[in-house]
Each structure stands twice: as structure tokens, then as C-alpha cells.
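Below are the chains, spelled out letter by letter.
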Amino acid sequence: MNNLTKQIGQRLALGVGTLFVVSILIFIGIELLPGDLAQEILGQSATPETVAAFRQELGLDKSPFVRYIDWLGAALQGDFGRSLANGRELSELLSGRLLNTLFLAGFAAIISVPLAILLGLLCAMYRNSWFDRTINTAALTSISLPEFFVAYLLILFLAVQNNVFPALAQVESATSFGDALYRTFLPALTLILVVVAHMMRMTRASIINVLSRPYIEMANLKGLSRWRVIFKHALPNALGPIINVVALNLAYLIVGVVVVEVVFVYPGLGQLLVDSVVKRDIPIVQAVGLFFASTYIVLNLLADILSILTNPRLRHAK
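Residues numbered from 1 in each chain as written. Predicted model: local features only at pLDDT ≥ 70, side-chain atom pairs only at ≥ 80, totals over all residues. Heavy atoms only, no water.

**Details of the overall build of the chain**
1) Next: When helices and strands are counted, the chain shows 16 helices and zero strands.
2) Next: Counting over 318 residues, the chain shows a buried share of 41%.
3) Next: Summarising the internal contacts of the chain: among those between residues at least 6 apart in sequence, 73% fall at separations of at least 24.
4) Next: In the structure as shown, the chain presents an accessible area of about 17200 Å², 66% of it carried by carbon and sulfur atoms.
5) Next: Within the chain, the 19 negative side-chain charges are centred at a point lying 21 Å from the centre of the 23 positive side-chain charges. (Helix = DSSP H or I, 4+ residues; strand = E, 2+ residues; numbered from the N terminus. Buried < 20%, exposed > 50% of the residue type's maximum accessible area, 1.4 Å probe, protein only. Contact = heavy atoms within 4.5 Å. Areas by Shrake-Rupley, 256 points an atom, 1.4 Å probe, with all protein chains shown as cover. Lys, Arg positive; Asp, Glu negative; His and termini not counted. Charge placed at Lys NZ, Arg CZ, Asp CG, Glu CD.)

**Describing unusual backbone geometry**
1) Next: Despite not being glycine, N128 shows a phi value in the positive range, around 70°.
2) Next: Tracing the sequence through the fold places N128 in the loop between α5 (90–125) and α6 (130–144).
3) Next: Since its relative accessible area comes to 47%, N128 is described here as partly exposed.
4) Next: Positive phi, normally seen in glycine, also occurs at V265, with a value near 50°.
5) Next: By the secondary structure assignment, V265 is in the loop between α13 (258–264) and α14 (269–279).

**A few points about the packing of aromatic side chains**
1) Next: Scanning the model with the defined rule gives ten aromatic pairs in all.
2) Next: Judged by centre distance (6.1 Å) and plane angle (50°), the ring pair of Y68 and W71 falls under tilted. On the criterion of helical spacing, the pair formed by Y68 and W71 is a turn pair, its members being three residues apart in helix α4 (residues 64–76). For the pair formed by Y68 and W71, the shared burial category is buried. (Phe/Tyr/Trp six-rings, centres within 6.5 Å; stacked < 30°, edge-to-face > 60°.)

**Regarding the packing of α5 against helix α11 (residues 226–237)**
1) Next: In contact at an axis separation of 12 Å, α5 and α11 are set at 115° when each is read in the N-to-C sense. In this structure, α5 crosses over α11, and the sense of that crossing is right-handed. Two secondary-structure elements touch here, α5 through L121, L122 and M125 and α11 through R226, W227, I230, F231 and L235.
2) Next: Split into classes, the residues belonging to the contact of α5 with α11 amount to seven nonpolar, no polar and one charged. (Axes fitted to C-alpha atoms, helices over the stretch in contact; angles between N-to-C directions. Left-handed = near helix turned anticlockwise from the far one by under 90°. Nonpolar A, V, L, I, M, F, W, Y, C, P; charged D, E, K, R; others polar.)

**Some remarks on α4**
Because each turn of an α-helix spans 3.6 residues, side chains separated by three or four positions end up pointing in the same direction.
1) Next: Across its 13 residues, α4 extends 18 Å between first and last C-alpha, which sits within 8% of the 18 Å expected from 1.5 Å per residue.
2) Next: Packed against the buried residues of α4 are α1 (3–31) and α15 (282–310). (Expected span 1.5 Å × (residues − 1).)

**Description of the pattern of salt bridges**
1) Next: For the structure shown, the criterion picks out three salt bridges.
2) Next: D304 is the salt-bridge partner of R11, the closest N and O atoms lying 4.0 Å from each other. Of the two residues, R11 sits in helix α1 while D304 sits in helix α15, which places them 293 residues apart along the sequence.
3) Next: Taking the relative accessible area as the measure of exposure, D304 reaches 29% and is therefore partly exposed.
4) Next: One salt bridge connects D132 with R204, and the closest N-O pair in it is separated by 2.9 Å. Taken as a pair, D132 in helix α6 and R204 in helix α9 (residues 185–211) lie far apart in primary sequence, 72 residues in all. (Salt bridge = Lys/Arg side-chain N within 4 Å of Asp/Glu carboxyl O.)

**What to know about α1**
1) Next: With 29 residues, α1 extends 42 Å from end C-alpha to end C-alpha; this agrees with the ideal 42 Å at 1.5 Å per step.
2) Next: Looking only at α1, the buried set comprises Q7, G15, S23, I26, F27 and I30.

**Thoughts on a nonpolar patch on the surface**
1) Next: Together, F148, F149, Y152 and V259 make up a nonpolar patch on the protein surface, roughly 380 Å² of accessible area in all.
2) Next: A total of three residues in the nonpolar patch trace back to one element, the largest contributor, which is helix α7 (residues 147–160).
3) Next: When you line up the elements, F148 lands in helix α7.
4) Next: Take F148: its relative accessible area is 41%, and that puts it in the partly exposed class. (Patch = residues over 30% accessible without salt bridge, like charges linked within 9 Å, V, L, I, M, F, W, Y side chains within 5 Å.)

**Description of the nonpolar core**
1) Next: Counting residues in hydrophobic clusters, the biggest one holds 72 residues, and the most contacted among them are L191 and F264.
2) Next: Considering every element that reaches this core, the biggest residue donor is α5, with 15 residues.
3) Next: Apart from residues no more than four positions distant in its own chain, L191 is found in contact with L104, A108, Y252, L253, V257 and V260.
4) Next: Core analysis: the next-biggest nonpolar cluster, separate from the first, contains seven residues, I26, F27, L72 and L290 among them. (Core = buried A, V, L, I, M, F, W, Y, C linked by side-chain atoms within 4.5 Å.)

**Examining the environment of F231**
1) Next: Note that F231 resides in helix α11.
2) Next: Judged by relative accessible area, which is 42%, F231 ranks as partly exposed.
3) Next: Between the C-alpha atom of F231 and that of E172, which follows or precedes it by 59 residues, the distance is 42 Å.
4) Next: Ignoring sequence-local partners within four residues, the contact set of F231 consists of L121 and P236.

Now the structure itself:
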């Protein structure tokens, strides 16, 4: 087994182990919720016999260890059970919400990733110029503001005062693609303003770090154009940190949309998670939590693997 395969195998094993630990934490967190789940669902007027029968139906009469094994085994087979609120299969209930969340995250990613890398390159090329200072000030301001505050500012200026975009991102299965883009522009813009700042600053820092290397100075002495030096010599050697921050922000676009979806009442997984917590629909909370954790871990693994592939120093043992 060569060193590259060994490193990738170690990363994959670490990711699987991390996901297993996260599944335990999710289950323990649900177990630590106060009150009796069956009593909360049936209400205080339910008789003890009804509560006991319902606990047996939900499997709450079993030990926590047995219930965790049953839940994990079913989850590995793609069976997350049924919703306690409406009795629908979770695979059917989550599929539409998942597509909505992926649509919003993809909309934001298609704009934010190229924009952030381009701004980072320009700031590195024109370091300490008025352009660099202006972009960095805007980025620091965007990072400092919480997502819900940015969302409410956009609603105030672009929905309430000017009525350019709708304040609520109501999207249905029958909504056309163009109409969906229009309705989700404000939540997508909220996510873009947050993630662009992180990716842009990391791109700028990575390029500036590479530009101080001797081979960059040699390229400049040869008379190569600034753009050629940046794209041919600097950018390929700065890809590792940039890939990492892009992957982390893509993970945020999927798992960090809870606040944004709630503010804009967007029918995605984040909104479903919040509604299910209020209703104590535990199977949905567990399924969505496990999906968010899996997405974050997979994208982190992808970032690690791409960093190894793009950095020869990581591919070979020292």
C-alpha cells in the first residue's frame, strides 16, 4: 500500500469513527430531553394505560442501548422510521425538503465560490491599495454580523422599503426554476455575504504567502506578467488552504442554513428541524441531525483528500 492510499484510508476511517461518535451524541442528546416523550405527545389528559401502550409502540420501554442499536441499524439501511406528527415515512418527508436545501445551498455556492476566489486574487495583487482595504473592511463587517441580522437588513431594504424581492421564500414543487431563483434570492444573498468573506480572506492570505517565495521572485525577474505569475505559479501552490476553506464553507451552506431558512420561512431541512423540535418529533430531529453531521464530515474528508492530492509534500513521507 503506497503512502497516498494509506493517508486517504486513514482519513476515511477517521471520518467513519467521527460519524459513529456523533450518532451516539445525537441519541444521548435526545435521551436527555426533559419529560416523558409519550406523555408530551399524547397530552396530560392521556390515561396511564394509553401512555404505556404508546411507549411500547414507540419502543420506549426498551433500554437506551437497545433502542440506539435498533435506530442505528435501521438508519444504515436508509430507514429512519415515521414522523410522530403525521405518520409519514421520513424518506418521503425529507426528500423534498432536502432538495430545497440543496437548491438554496447550490444557488449560493455557484455565486460565492468564484466571487470569493476572484476578490481574494485581486486583493492579493493590489495589496494595501484602496481596493484591498475596502474589500477587507466589507468582509470584516460581514463576518461580524450574525446571519439573522444580515437577513433582516436585506428584508428591510430590499423587501419592505423597496419591494424588489419577496420577504418570504415560499417555494413549492410546482414553482418554476426562474421563479424559484427570484423567491430565494434574499436567503441566498444572506448566505453569500457570510461565506464570501471567509473564502476571500483565506484566498488573499494564501496568495500573499506564496508571493513571498523565491520562485515567484524569479518569475517576476523573468518579466512574466502579473496575471501569469498569479495563475501559473502562485495559485496552484496556494490551492491547499483555499480548497479547505471552500469545502468548509460549502458544508456551512448546507448545515448552517437553519437560521436563514427560519427567517425567510423557507421549506428546507433547517425549517423542518426547528418545527420538529417544537413538536418533539424525535425521529425527524435524529434523521436531520445525522444528515447534517454526515454532510459536514464528508466535505471535510473531501477537503483533506484534495489537499493531499494538490500538495506533493503531503503525498510523500518525510
